[in-house]
Amino acid sequence: MSLLVVGLSHRSAPVSVLERASLAVETQAKLLQDTLAAEPATEAAVLATCNRIELYADVDKFHAGVAELSTLLAQHSGVGLEELTPYLYVHYEDRAVHHLFSVACGLDSMVVGEGQILGQIKDALARGQELHTAGRLLNDLFQQALRVGKRAHSETGIDRAGQSLVTFGLQQLAAGADPERWAAGKRALVIGAGSMSSLAAATLARTGVADIVVANRTRSRADRLVEILQQGDDTSVRSRAVEMSAVGDELTRADIVVSCTGSTGLVLTADALADALGVTLDAAPERPAATVTPAPADVDQHAAWVENGSAASAAPAGRATALRRVTVPAQSTGPVRLALLDLAMPRDIDGAAHRIDGVRLVDIESLAEASADAPMAADVDRVRTIVSDEVAAFGAAQRAAHVAPTVVALRTMAAGVVAGEIARLDGRLPDLDEKQRAEITQTVRRVVDKLLHAPTVRVKQLASEPGGAGYADALRELFDLDPQTVAAVSRADLNDPNRGRS
C-alpha cells in the first residue's frame, strides 16, 4: 500500500474554483466513506480549509488511485471533473509526506508561517479516527505532521515570517496604517463562532477595539465566545452576543465586520450593506475574479509526472508554474465607514460590496493577491531542512514498521517450535524434575533467540533503507511464514489502544 494525495489549493486554483469546491463537514464525511468503498483505497482523510481541499489515501494502485480520488473530489465538490482536473495536484509516497509536513509548518499557507493549520490538521485526523477511515498509515502520518509543525514553530522563527489570516487581513484593512492605532476605539461585529471567528474576536480584542458583538446561528456558541472574551486578562473589550436576525441592526453601528461561517450562501448581500449605510448601490460592473494559470489538463499527465519521479505540482515545459493574477480594480478612495473582512469559503460577503461608497472589503481572494509579495523570513530555509529530515525519518520508520509484523510472526513461530519440542521431550523423558525441565527449556530458547537475533536485527536495518520493503517478503518466503499470521500481528498492533498516543 502507498500514500497518495490529490488536492487543490490557493497555489493551484483561483478562489472562484476553491469557493465552489468547498466541502461542508457532512460532505467530507460522505467523501471519506465513499473513498473507502472505492477499490484502490484502504484508508482516507480529508484536509479542508479556506484555501485548500486535499484527499489523502492509502492505495494499492497508483493510476487507479489518482483517477478514483479525482473523480470523488469532483463528485462531492459539485465541480465537474473536466473543469476541476486542470487545478488538481498529485503527490505520491515521500512527496506526499513532504507536502503534508510543509503544510503543517505553514510553508504552503497563504500567509507563510501561520499556525492555525495545525488545528485544522488535528481536526482532519480526529474526523478520520471518528469515522474509522484513518488506519495505521494516516494515523502515523497526521500525528507526525502535527509534531513536525510544532517543532518548526518552537525551533525556528517561522512565526516571524507570517501571521494568522486574521492579523494579515486586519493589516490589509488598515491599508498601511498601524493596525492597533487604526482599530483603537472602533466597534466590531464578528459573524460566526467557530475556530476562525473565535481567533478573529480574540485578535480584535488584543488589537484594541472598544466593542465586539458576536452573532451566530446557534446563540449558545455566541454566548460562549463572549464569555471567553470577558475572561481574558489581556483585554478590557466590551462584548455581547446577539441573534443572527440582529445583524442588520448591528451593521448600522459597526466600524469593522469579520465574517466566517459555514454558510453555503451569502450572509451579507451588497443591498443589505448599502441599506445599513444609507447609501445607494451603484451599477458599476462586478469585480472580476482573480485567475491563475491552470495546472496540467488531465489526470493521466499528473500520474505520469509522479511515476517518472518529477514534481507532481510542476507544469510541463513552456507553462508557467507561478500564479498569474488579474489586477483587481481599486476600491473607493473616500473615507472608510465600514471595513469588511471575509474569511469564509465559500464567501460570506457579497463581492459587489466593493462598489459601495465608504466600504472597504478584504476577502480570501484579495488576501491571496496581497500575500503573493509578502517577504519570506530567513528561518524558512531552516524549516525546509527540518521538513526534509523529518520526511526521511518518517520513511525509514514506516519501512521498518512494515517488516516488524513479519519479525514478530517469525519469533511466534519459533516459540511454537520450542514449545512443541519441549512437549515432545516430556513424553520421551517423563522422569525429568521441574528444575531439569526448566533448564532444558531455557537452553533451547536461548539457542533459538541467538540464531534469530542477527537476522532479525539486520532485516530491520535493511528494511528502513530506501527500497527495503522487499526484505519482509523475503523473510516470509525463507521461513515459510503464514501470511494470515503476519496480517493478524498487523491488526493487533493497529488496534492497540495505546498506539500512537503522545
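Coordinates for the structure precede this section.
Residues numbered from 1 in each chain as written. Predicted model: local features only at pLDDT ≥ 70, side-chain atom pairs only at ≥ 80, totals over all residues. Heavy atoms only, no water.

Of all five residues that make up strand 5 (residues 187-191), four are buried, and the element is covered over most of its length. One ladder, built from five bridges, connects strand 5 with strand 6 (residues 211-216); its direction is parallel. Along strand 6, the bridge assignment pairs Ala188 with Ile212. In terms of strand pairing, strand 5 meets strand 8 (residues 256-259) through four bridges, oriented parallel. For Leu189, the partnering residue across the bridge sits in strand 8 and is Val257. (Buried < 20%, exposed > 50% of the residue type's maximum accessible area, 1.4 Å probe, protein only. Helix = DSSP H or I, 4+ residues; strand = E, 2+ residues; numbered from the N terminus. Pairing = 2+ DSSP bridges.)

Position of Asp342 relative to the elements: it lies in strand 9 (residues 338-342). Placed 74 residues apart in sequence, Asp342 and Leu268 show a C-alpha to C-alpha distance of 10.0 Å. Apart from the residues within four sequence positions on either side, Asp342 is in contact with Ser259, Arg347, Asp348, Ile349, Leu361, Val362, Asp363 and Ile364. Within the structure, Asp342 has its side chain in polar contact with the backbone nitrogen of Ala344 (distance 3.1 Å). (Contact = heavy atoms within 4.5 Å. Polar contact = N/O pair within 3.5 Å; in protein donor to acceptor, adjacent residues only side chain to side chain.)

To continue, consider the side chain of Thr49. You can see Thr49 is positioned in strand 2 (residues 41-49). Relative accessible area serves as the criterion here: at 12%, Thr49 is assigned to the buried category. Ignoring any residue separated from it by four or fewer positions in sequence, one finds Thr49 in contact with Ile117 and Gln120.

Residue placement: Glu390 occurs in helix 16 (residues 379-428). For the pair formed by Glu390 and Gln144, sequence separation is 246 residues and the distance between their alpha carbons is 8.7 Å. Not counting residues up to four positions away in its chain, the partners in contact with Glu390 are Phe101, Gln144, Val148 and Arg151. Within the local environment of Glu390, its side chain forms a polar contact with the side chain of Arg151, the two groups lying 2.8 Å apart.

Another point: the environment of Arg127. Along the chain, Arg127 turns up in helix 6 (residues 116-130). In sequence terms Arg127 and Ala45 are 82 residues apart; their C-alpha atoms lie 7.8 Å from each other. With residues near it in sequence (within four places) discarded, Arg127 still touches Val25, Gln28, Leu32 and Val46.

With that settled, the discussion passes to empty space enclosed by the protein. Inspection of every chain in the model, using the stated rule, returns three cavities of 30 Å³ or more. Approximately 80 Å³ is the volume found for the largest cavity. Looking at the lining of the largest cavity element by element, the count peaks at three residues for helix 6. Split into classes, the residues belonging to the lining of the largest cavity amount to four nonpolar, five polar and two charged. Empty space within the second largest cavity amounts to approximately 50 Å³. If you go around the second largest cavity, the residues you meet are Val15, Glu19, Asp342, Ala344, Met345, Arg347, Asp363, Ile364 and Glu365. Only helix 1 (15-21) and helix 15 (364-371) provide two or more residues apiece to the lining of the second largest cavity. Partitioned by chemical class, the residues of the lining of the second largest cavity number four nonpolar, no polar and five charged. (1 Å grid on protein atoms, 1.4 Å probe; cavity = no way out; pocket = protein on both sides within 12 Å on 5 of 7 lines; lining within 4 Å. Points joined across faces, edges and corners; volume = space filled by probe spheres on them. Nonpolar A, V, L, I, M, F, W, Y, C, P; charged D, E, K, R; others polar.)

This part takes up the sheet that holds strand 8. The parallel open sheet is built from six strands, whose spatial order is 7-6-5-8-9-10. Looking at strand neighbours, the two that pair on one side only are strand 7 (238-243) and strand 10 (359-363), the edges of this open sheet. Pairs of neighbouring strands in the sheet enclose a mean axial angle of 15 degrees, with direction left out of account. Contacts from helix 11 (residues 219-231) reach strand 6 and strand 7 within the one sheet, and its direction differs from that of strand 7 by about 180 degrees. (Axes fitted to C-alpha atoms, helices over the stretch in contact; angles between N-to-C directions.)

Looking now at the sheet that holds strand 4 (residues 89-92). In spatial order, the strands read 2-3-1-4; together these four strands make up an open sheet with antiparallel pairing. Bordering the open sheet on either side are strand 2 and strand 4, each of which pairs with just one other strand. Mean inter-strand twist for the sheet, computed between neighbouring axes without regard to direction, equals 15 degrees. On top of the sheet, helix 6 reaches strand 2 and strand 3 (52-59); it is set at about 145 degrees to strand 2, its chief contact.

Right, let's get into the pattern of salt bridges. Note on pairing: side chains with opposite charge can pair once their charged atoms come close. With the rule as written, the count across this model stands at 22 salt bridges. Linking Asp108 and Arg11 is a salt bridge whose minimum nitrogen-to-oxygen distance equals 2.9 Å. Linking Asp108 in the loop between helix 5 (94-104) and helix 6 with Arg11 in the loop between strand 1 (2-9) and helix 1, this pair joins segments that are 97 residues apart in sequence. What makes Asp108 buried here is its relative accessible area of 13%. Across the salt bridge formed by Arg187 and Asp255, the nearest N and O atoms sit 3.4 Å from each other. Placement of Arg187 in strand 5 and of Asp255 in the loop between helix 12 (247-251) and strand 8 is noted, with a sequence separation of 68 residues between them. A relative accessible area of 40% means that Arg187 is categorised as partly exposed. Asp255 sits in the buried class, given a relative accessible area of 19%. A single salt-bridge network, built from bridges that share partners, covers Arg11, Arg52, Glu54 and Asp108. (Salt bridge = Lys/Arg side-chain N within 4 Å of Asp/Glu carboxyl O.)

This part takes up helix 3 (residues 62-77). In a regular helix each residue adds 1.5 Å, so 16 residues correspond to 22 Å; helix 3 covers 22 Å between its end C-alpha atoms and thus fits that length. A positive phi of about 85 degrees marks Gly78, the residue just after helix 3. (Expected span 1.5 Å × (residues − 1).)

This part is about the side chain of Thr156. Positionally, Thr156 belongs in the loop between helix 7 (136-155) and helix 8 (165-174). A distance of 2.6 Å separates a polar side-chain atom of Thr156 from the backbone oxygen of Ala152. Within the structure, the side chain of Thr156 is placed 3.2 Å from the backbone nitrogen of Ile158, a separation counted as a polar contact. Leaving out residues up to four positions away in the same chain, Thr156 has contacts with Arg151, Asp379, Arg382, Val383 and Ile386.

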